[in-house]
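The lines below spell out each chain.
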Amino acid sequence: MPDTSHKPRDVMPEHARTLPARYYVDRECFDREMDRLFAHMWVCAGRAEQVAHPGDFFVRELLGERIVITRGPASVNAFYNVCRHRGTQLCTEAHGTFPGSIQCPYHAWTYDLDGCLIGAPHMDEVPHFRKADYPLHRVGSVVWDGHVFINLDPRAAPLEAQLGALPARFRAWRMEDLRLGHRIVYDVRANWKLIVQNYNECLHCPNLHPALNKLSHYLSGENEPLQPTYMGGRMDLRPGIETMSMDGTCPRAFLPHLSPEERRCVYYYAIFPNMLLSLHPDYLLVHTLWPLAPDRTINICEWHFHPAEMQRPGFNPADAVEFWDMTNRQDWHVCELSQAGISSRAYTPGPYSNREDLLFAFDQMIVGLHGE
Amino acid sequence: MPDTSHKPRDVMPEHARTLPARYYVDRECFDREMDRLFAHMWVCAGRAEQVAHPGDFFVRELLGERIVITRGPASVNAFYNVCRHRGTQLCTEAHGTFPGSIQCPYHAWTYDLDGCLIGAPHMDEVPHFRKADYPLHRVGSVVWDGHVFINLDPRAAPLEAQLGALPARFRAWRMEDLRLGHRIVYDVRANWKLIVQNYNECLHCPNLHPALNKLSHYLSGENEPLQPTYMGGRMDLRPGIETMSMDGTCPRAFLPHLSPEERRCVYYYAIFPNMLLSLHPDYLLVHTLWPLAPDRTINICEWHFHPAEMQRPGFNPADAVEFWDMTNRQDWHVCELSQAGISSRAYTPGPYSNREDLLFAFDQMIVGLHGE
Amino acid sequence: MPDTSHKPRDVMPEHARTLPARYYVDRECFDREMDRLFAHMWVCAGRAEQVAHPGDFFVRELLGERIVITRGPASVNAFYNVCRHRGTQLCTEAHGTFPGSIQCPYHAWTYDLDGCLIGAPHMDEVPHFRKADYPLHRVGSVVWDGHVFINLDPRAAPLEAQLGALPARFRAWRMEDLRLGHRIVYDVRANWKLIVQNYNECLHCPNLHPALNKLSHYLSGENEPLQPTYMGGRMDLRPGIETMSMDGTCPRAFLPHLSPEERRCVYYYAIFPNMLLSLHPDYLLVHTLWPLAPDRTINICEWHFHPAEMQRPGFNPADAVEFWDMTNRQDWHVCELSQAGISSRAYTPGPYSNREDLLFAFDQMIVGLHGE
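Residues numbered from 1 in each chain as written. Chains lettered and ligands numbered in written order. Predicted model: local features only at pLDDT ≥ 70, side-chain atom pairs only at ≥ 80, totals over all residues. Heavy atoms only, no water.

1. Concerning the overall build of chain A
Line of reasoning, step 1. Looking only at helices and strands, chain A features 10 helices and 17 strands.
Line of reasoning, step 2. For chain A, the C-alpha radius of gyration of 22 Å lies close to 21 Å, the compact-globule estimate for 372 residues.
Line of reasoning, step 3. Expressed as lengths along the three principal axes of its C-alpha atoms, the size of chain A is roughly 75 × 55 × 30 Å.
Line of reasoning, step 4. In chain A, which comprises 372 residues, the share counted as buried stands at 59%.
Line of reasoning, step 5. Counted over contacts in chain A with a minimum sequence separation of 6, partners at least 24 positions apart contribute 68%.
Line of reasoning, step 6. Carbon together with sulfur atoms contributes 53% to the accessible area of chain A, which is approximately 14200 Å² in total.
Line of reasoning, step 7. With 35 positive and 45 negative side-chain charges, chain A shows a separation of 1 Å between the mean positions of the two kinds. (Helix = DSSP H or I, 4+ residues; strand = E, 2+ residues; numbered from the N terminus. Rg over C-alpha atoms; globule rule 2.2 N^0.38 Å. Buried < 20%, exposed > 50% of the residue type's maximum accessible area, 1.4 Å probe, protein only. Contact = heavy atoms within 4.5 Å. Areas by Shrake-Rupley, 256 points an atom, 1.4 Å probe, with all protein chains shown as cover. Lys, Arg positive; Asp, Glu negative; His and termini not counted. Charge placed at Lys NZ, Arg CZ, Asp CG, Glu CD.)

2. Description of the interface of chain B and chain C
Line of reasoning, step 1. Counting from both sides, the interface comprises 33 residues of chain B and, opposite them, 30 residues of chain C.
Line of reasoning, step 2. Counting the surface lost from both chain B and chain C, the interface buries some 2500 Å², and carbon and sulfur atoms represent 56% of this.
Line of reasoning, step 3. For chain B, the biggest contributors to the area lost against chain C are Leu337, Arg345 and Pro351 of chain B; these three give 23% of the whole.
Line of reasoning, step 4. There are 2 salt bridges connecting chain B and chain C.
Line of reasoning, step 5. Our count for the chain B to chain C interface comes out at 18 residue pairs in polar contact (both at pLDDT 80 or more).
Line of reasoning, step 6. Of all elements in the fold, only helix 5 (192-199), helix 6 (205-208) and helix 9 (318-342) of chain B reach the threshold of two or more residues within the side of chain B that touches chain C. (Buried area = accessible area lost by both parts, 1.4 Å probe. Salt bridge = Lys/Arg side-chain N within 4 Å of Asp/Glu carboxyl O. Polar contact = N/O pair within 3.5 Å; in protein donor to acceptor, adjacent residues only side chain to side chain.)

3. Some remarks on the environment of Trp42 of chain C
Residues and elements named next belong to chain C.
Line of reasoning, step 1. Among the secondary structure elements, Trp42 is positioned in the loop between helix 2 (27-38) and strand 1 (43-47).
Line of reasoning, step 2. When the C-alpha atoms of Trp42 and Val142 are compared, they prove to be 9.0 Å apart, with 100 residues separating the residues in sequence.
Line of reasoning, step 3. Of note is the side chain of Trp42, whose polar atom sits 2.7 Å from the backbone oxygen of Ala157.

4. Focus on the relation of the copies chain B and chain A
Line of reasoning, step 1. The two copies are related by a screw operation: chain B maps onto chain A through 120 degrees of rotation and 0.0 Å of translation along the axis, at an RMSD of 0.0 Å. When the rotation and shift are considered jointly, the pair of chain copies conforms to a three-fold rotation axis. Considering only C-alpha atoms, the residue of chain B closest to the rotation axis is Arg27 of chain B, which sits at 10 Å. (Least-squares fit on C-alpha atoms with pLDDT ≥ 70 in both.)

5. Re the pattern of salt bridges
Line of reasoning, step 1. Taken as a whole and assessed by the stated rule, the structure comprises 51 salt bridges over all chains.
Line of reasoning, step 2. Within the structure, one salt-bridge network assembled from shared partners comprises Arg86 of chain A together with Glu201 and Glu356 of chain C.

6. As for the sheet that holds strand 4 (residues 76-80) of chain C
Residue and element names in this part refer to chain C.
Line of reasoning, step 1. If you trace the 7 strands from one edge of the open sheet to the other, you get 1-10-9-4-3-2-5, paired in antiparallel fashion. One side of each edge strand has no neighbouring strand; the edge strands of this open sheet are strand 1 and strand 5 (95-97). This sheet shows a mean twist of 30 degrees between the axes of neighbouring strands, independent of strand direction.
Line of reasoning, step 2. Looking at chain direction, strand 4 and strand 9 (residues 138-144) are connected through 2 bridges and run antiparallel. Within the sheet, the bridge partner assigned to Ala78 lies in strand 9 and is Val139. (Pairing = 2+ DSSP bridges. Axes fitted to C-alpha atoms, helices over the stretch in contact; angles between N-to-C directions.)

7. As for helix 5 of chain B
Residues and elements named next belong to chain B.
Line of reasoning, step 1. Here helix 5 lies mainly inside the structure; 8 of its 8 residues are buried.
Line of reasoning, step 2. Listing the buried residues of helix 5 in full gives Trp192, Lys193, Leu194, Ile195, Val196, Gln197, Asn198 and Tyr199.
Line of reasoning, step 3. The opening residue of helix 5 is Asn191, an N-cap whose side-chain oxygen sits 2.9 Å from the backbone nitrogen of Lys193.

8. So, the interface of chain B and chain A
The extent of an interface is frequently quoted as the accessible surface area lost upon association of the parts.
Line of reasoning, step 1. Taken together, the contact pairs 30 residues of chain B with 33 residues of chain A.
Line of reasoning, step 2. A per-residue breakdown of the area chain B buries against chain A is headed by Arg86, Tyr106 and His122 of chain B, which together make up 27% of the total.
Line of reasoning, step 3. Seen at the junction of chain B and chain A, the total is 2 salt bridges.
Line of reasoning, step 4. Of the charged contacts, one joins Glu201 of chain A and Arg86 of chain B as a salt bridge, the two residues approaching to 2.7 Å between their closest N and O atoms.
Line of reasoning, step 5. Its residues assigned to classes, the side of chain B that touches chain A shows 16 nonpolar, 10 polar and 4 charged. (Nonpolar A, V, L, I, M, F, W, Y, C, P; charged D, E, K, R; others polar.)

9. Quick look at the sheet that holds strand 3 (residues 65-71) of chain B
Residue and element names in this part refer to chain B.
Line of reasoning, step 1. What the 7 strands build is an open sheet, ordered 1-10-9-4-3-2-5; its pairing is antiparallel. Strand pairing shows two members of the sheet lacking a second neighbour, strand 1 (43-47) and strand 5 (95-97), which therefore form its edges. Strand-to-strand, the axes of this sheet are offset by a mean angle of 30 degrees, without reference to chain direction.
Line of reasoning, step 2. The pairing of strand 3 with strand 4 (residues 76-80) spans 5 bridges and is antiparallel. Considered in strand 4, the bridge of Val68 is made with Phe79.

10. A word on the state of the cysteines
Residues and elements named next belong to chain A.
Line of reasoning, step 1. Throughout the structure, instances matching the rule amount to 3 disulfides over all chains.
Line of reasoning, step 2. Disulfide pairing places Cys202 opposite Cys205 at an S-S distance of 2.0 Å. Note on the Cys202 and Cys205 pair: the S-S dihedral is about -105 degrees, so by sign convention the disulfide is left-handed.
Line of reasoning, step 3. In this structure Cys202 comes out as buried when scored by relative accessible area, which is 11%.
Line of reasoning, step 4. The class of Cys205 is buried, set by a relative accessible area of 2%.
Line of reasoning, step 5. Not engaged in a disulfide, the cysteine Cys44 finds its nearest cysteine sulfur in Cys301; these two sulfurs lie 12 Å apart.
Line of reasoning, step 6. Residue Cys44 is classed as buried on the basis of its relative accessible area, which comes to 2%.
Line of reasoning, step 7. In this structure Cys91 is a free cysteine whose sulfur lies 11 Å from that of Cys104, the closest cysteine sulfur available. (Disulfide = S-S within 2.5 Å.)

11. Notes on helix 10 (residues 357-369) of chain B
Line of reasoning, step 1. With 13 residues, helix 10 of chain B extends 19 Å from end C-alpha to end C-alpha; this agrees with the ideal 18 Å at 1.5 Å per step.
Line of reasoning, step 2. Phi for Gly371 of chain B, located one or two positions after helix 10 of chain B, is positive at around 70 degrees. (Expected span 1.5 Å × (residues − 1).)

12. Comments concerning the side chain of Thr229 of chain A
Line of reasoning, step 1. Its location among the elements puts Thr229 of chain A in the loop between strand 12 (222-224) and strand 13 (230-236).
Line of reasoning, step 2. Among residues more than four places away in sequence, those in contact with Thr229 of chain A are Met41, Ala161, Gln162, Ala270, Ile271 and Phe272 of chain A.

13. With respect to the pairing of strand 2 (residues 56-62) of chain A
All names here are of chain A.
Line of reasoning, step 1. Burial within strand 2 is extensive, with 6 of its 7 residues counted as buried.
Line of reasoning, step 2. The sheet contact formed by strand 2 and strand 5 (residues 95-97) spans 3 bridges and is antiparallel. Among the inter-strand pairings, Asp56 is bridged to a residue of strand 5, identified as Thr97.
Line of reasoning, step 3. Bridging between strand 2 and strand 3 (residues 65-71) involves 6 bridges; their strand directions are antiparallel. In the sheet register, Leu62 faces strand 3, and the bridge partner there is Glu65.
Line of reasoning, step 4. Remark: 2 residues form the turn of the hairpin made by strand 2 and strand 3, two consecutive strands paired antiparallel; Leu63 in that turn has positive phi of roughly 55 degrees.

14. Regarding the packing of aromatic side chains
All names here are of chain C.
Line of reasoning, step 1. Summed over the entire model, instances satisfying the criterion amount to 60 aromatic pairs over all chains.
Line of reasoning, step 2. Judged by centre distance (5.1 Å) and plane angle (85 degrees), the ring pair of Phe38 and Trp192 falls under edge-to-face. Here Phe38, found in helix 2, pairs with Trp192, found in helix 5 (residues 192-199); they are 154 residues apart in sequence, far enough to count as distant.
Line of reasoning, step 3. Using a relative accessible area of 1% as the deciding quantity, one classes Trp192 as buried.
Line of reasoning, step 4. Their ring planes at 70 degrees and their centres at 5.8 Å tell us that Tyr186 and Trp332 sit as a pair that is edge-to-face. Here the residue Tyr186 occupies a position in strand 11 (residues 179-188), and Trp332 occupies one in helix 9 (residues 318-342), the gap between them amounting to 146 residues. (Phe/Tyr/Trp six-rings, centres within 6.5 Å; stacked < 30°, edge-to-face > 60°.)

This is the structure in structure tokens:
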């Protein structure tokens with residue numbers, strides 16, 4: 001049974017206020033977050049189905065780097081897009097398929113799909129030169145339930161440590177079975193943390209998202225306390241509502257392994273630093289955040305469905321796509337307004353309500369990250 | 001009788017030279033001028049008729065801030081465009097009318113037209129929270145003769161101190177009675193001081209403005225010595241010329257309260273830091289300057305006329321608009337050329353003529369402002 | 001007889017690696033190169049035919065300066081584009097003809113074509129003012145074999161010292177007789193040194209320029225060791241190939257004074273800092289480089305032909321223009337990819353092959369220039 005009691009949340013401490021402006025505006029703060037979070041944690045890059053066959057690749061931009069994610073004979077690999085000869089970028093397309101090897105367009109140095117240098121014209125005339133010394137610069141890569149994660153830190157802890165209890169909790173959705181139904185890339189003129197914060201409270205829903213509030217009451221559900229590497233909670237569908245869609249009906253079968261309780265709610269989890277995972281009864285919504293500047297974030301939003309549904313004649317994800325695209329645009333708009341207002345000399349930290357508990361906890365973590 | 005003797009001006013001191021390049025090029029100098037002039041003096045923002053009724057508002061950008069000027073029940077108010085909850089910008093339009101109150105689009109915090117917080121959903125669950133602690137951040141605002149001035153400094157002296165003798169001197173134009181006939185917004189790639197300097201000498205008129213020089217001889221009139229907060233002077237219309245217009249005739253009645261002398265000349269006053277006030281026998285021309293960068297200034301130019309004339313069938317301000325728009329464009333062009341040339345490593349301060357007396361005085365004031 | 005033996009080059013020292021990224025990315029390094037090379041050496045600005053008659057002018061941008069190159073009664077002159085009165089830029093066109101004198105558009109200060117101030121309205125009212133004190137700021141200018149060079153350093157050594165042995169060696173091409181057949185301006189998003197380096201090795205030709213490699217074998221010819229102010233070498237045309245053109249035939253007469261050997265090869269010389277001189281049997285190709293930023297260079301490419309050929313009915317330079325335009329675009333593309341890859345945190349200097357000898361020597365010179 002969904003929780004419809006709307007029980008009150010804990011009362012916020014008296015000093016619970018939003019962060020000072022520098023966390024959203026200063027280049028230094030941004031660089032520190034890029035360094036301490038995005039350069040050391042596992043970052044969700046995309047889906048294993050994007051590299052279904054050896055040589056398939058796609059490119060993601062992280063910390064100004066263009067990272068090439070590709071499939072080798074044995075595993076998914078990720079490399080910096082840099083030839084070991086004279087530094088030339090190897091790959092100019094956003095996605096595609098390498099023909100069995102990766103060749104630099106400049107002097108034809110050639111690498112296999114595991115990044116080993118296998119061709120270097122005229123370098124055999126150079127004594128002491130050994131191909132084995134010049135593999136592609138590697139980036140960590142691993143797959144969880146169909147999601148590809150990358151990590152710039154060669155000494156990173158395993159992904160499992162970062163995901164904590166989530167793989168077990170979300171096992172029933174069998175995310176690795178799902179397939180991409182739609183993708184929209186948004187260019188948001190706001191700090192990445194404003195998007196995370198916006199995602200983790202629904203106090204704004206009655207005012208900003210009246211359509212959403214008709215499907216799922218903004219006071220419903222429950223938050224889990226902040227974890228070291230993720231935060232999130234559950235919201236309940238209103239009676240008669242089947243899923244988050246334009247009219248609240250669900251034209252698809254529910255995902256096959258969900259419990260009755262799991263079919264009556266939506267889970268919203270932010271997995272730090274860049275993944276927003278929204279688990280619906282019949283589909284998976286994933287946002288990945290790609291910060292470009294203190295005031296700019298690329299947001300890749302994808303809808304994934306069960307392949308059995310996608311193969312049915314007349315499969316149409318529009319009800320879910322339109323609903324969340326509308327809601328996304330409302331959210332990015334206020335995130336951009338917040339970014340602009342927080343940049344004002346007049347901005348002072350403001351008081352949080354009890355319904356913004358996860359935001360306050362997240363802010364505390366960010367403050368700690370900066371060593372302040 | 002207009003002065004047609006073109007009497008010689010005082011001889012400039014031998015060291016009278018233009019300012020070093022840094023005053024026009026360096027970010028530091030720009031920031032210091034923004035801080036010491038634009039953040040502490042009264043800045044002309046627009047006209048009271050733009051906020052004729054309670055709730056009417058318009059927005060001006062000053063020091064990167066978007067200031068909302070609106071009318072409350074009792075007075076014209078100005079506010080920073082920042083919600084006290086999470087810093088969101090309240091107002092996204094350049095002008096419009098608030099429906100009796102100002103509501104944040106994010107979580108619906110609501111303020112009355114005097115800036116008091118009157119609604120904050122769910123904040124009543126938070127102990128110690130008092131609405132009275134969170135009014136909108138206020139900016140000083142006051143009206144002189146129809147002109148709205150704003151001031152970012154909460155401890156600013158009254159506007160009267162800044163205007164000095166001008167309200168009495170220009171009383172006869174009854175500027176508060178006049179109404180907007182036309183507005184053009186220019187984006188000028190030049191330092192704001194180059195526009196002020198261009199405005200305060202007519203030595204360039206025979207070469208740059210041959211049409212203007214036919215209406216008003218460039219050596220006519222007289223300058224008032226520089227005052228602490230403004231500078232300006234008078235130029236005389238040539239015999240047979242009625243006003244500054246494309247053909248020198250005036251298709252409108254003169255303003256009703258001018259003396260015969262006031263009808264035979266044009267007053268040009270720069271009221272620091274951002275207002276250029278040009279009083280004609282039959283209309284008022286106002287430029288307001290909005291510096292965006294050392295080399296970029298938004299220039300809002302307005303033509304105001306007597307409402308009795310504007311209500312006549314066939315009223316057409318084109319003769320005055322076209323004349324000054326043509327002249328403005330000539331001026332901004334050379335200001336932009338000066339900005340570009342002054343940025344050259346080859347630029348060295350050059351000698352002023354006796355006809356550039358106000359510029360030299362203005363430069364001295366600017367040097368003093370920088371504490372140099 | 002052309003050399004077809006493809007003799008091996010000297011072996012590179014073991015530590016021969018490409019430069020660290022900062023040389024291509026950092027603003028400081030860029031500024032130092034602009035200061036120590038471009039502000040002190042002779043820079044090729046264009047051709048004497050562009051200022052064929054007194055008053056003809058063209059403008060080049062160097063170190064952010066717009067330099068006006070014009071012809072006076074006796075010589076080619078170059079000036080900063082800055083009026084001595086208030087710093088206004090004098091010249092807004094990219095090329096044209098001054099009407100016997102140069103007049104500032106602002107206050108009509110007027111200079112003759114040798115840069116002397118000859119008119120300054122109202123300045124005669126200022127005691128101590130003497131026109132002779134305010135000539136235009138001059139830039140060094142001199143012509144070699146039809147090429148106009150400029151120099152920002154008033155104490156520069158003569159151009160002859162910079163050109164060394166080249167005027168004698170390339171005398172037979174009689175470059176001053178040739179005339180412009182075509183010009184293309186490229187905007188390349190790469191450091192200027194990457195363009196110089198790309199120009200001075202053909203190891204990339206088989207992979208990047210298959211069409212070029214059919215005309216001239218990439219291992220043919222010979223490099224001259226690096227000189228203090230230039231570097232270059234010779235490549236040989238393959239048997240049956242007449243010149244560098246789309247099909248390898250030459251629809252024009254060879255230049256009249258070349259030796260049989262000179263007709264069988266192409267000379268490629270980079271004259272530091274900005275000229276790439278490519279001497280063909282029947283035409284002259286010249287690139288001049290105009291760095292705008294560490295990662296951006298304007299590249300002006302010109303094809304010059306013998307006037308006797310140009311006057312023939314049906315003269316058409318398309319075979320040569322298309323060939324090099326295609327080749328240029330391939331080169332700029334990989335230069336841009338190198339710029340992007342070198343900017344990566346993963347980039348590390350890579351090993352040079354023996355065929356990149358001039359690049360290693362050039363890099364050593366650059367390192368020395370930076371005092372490192």
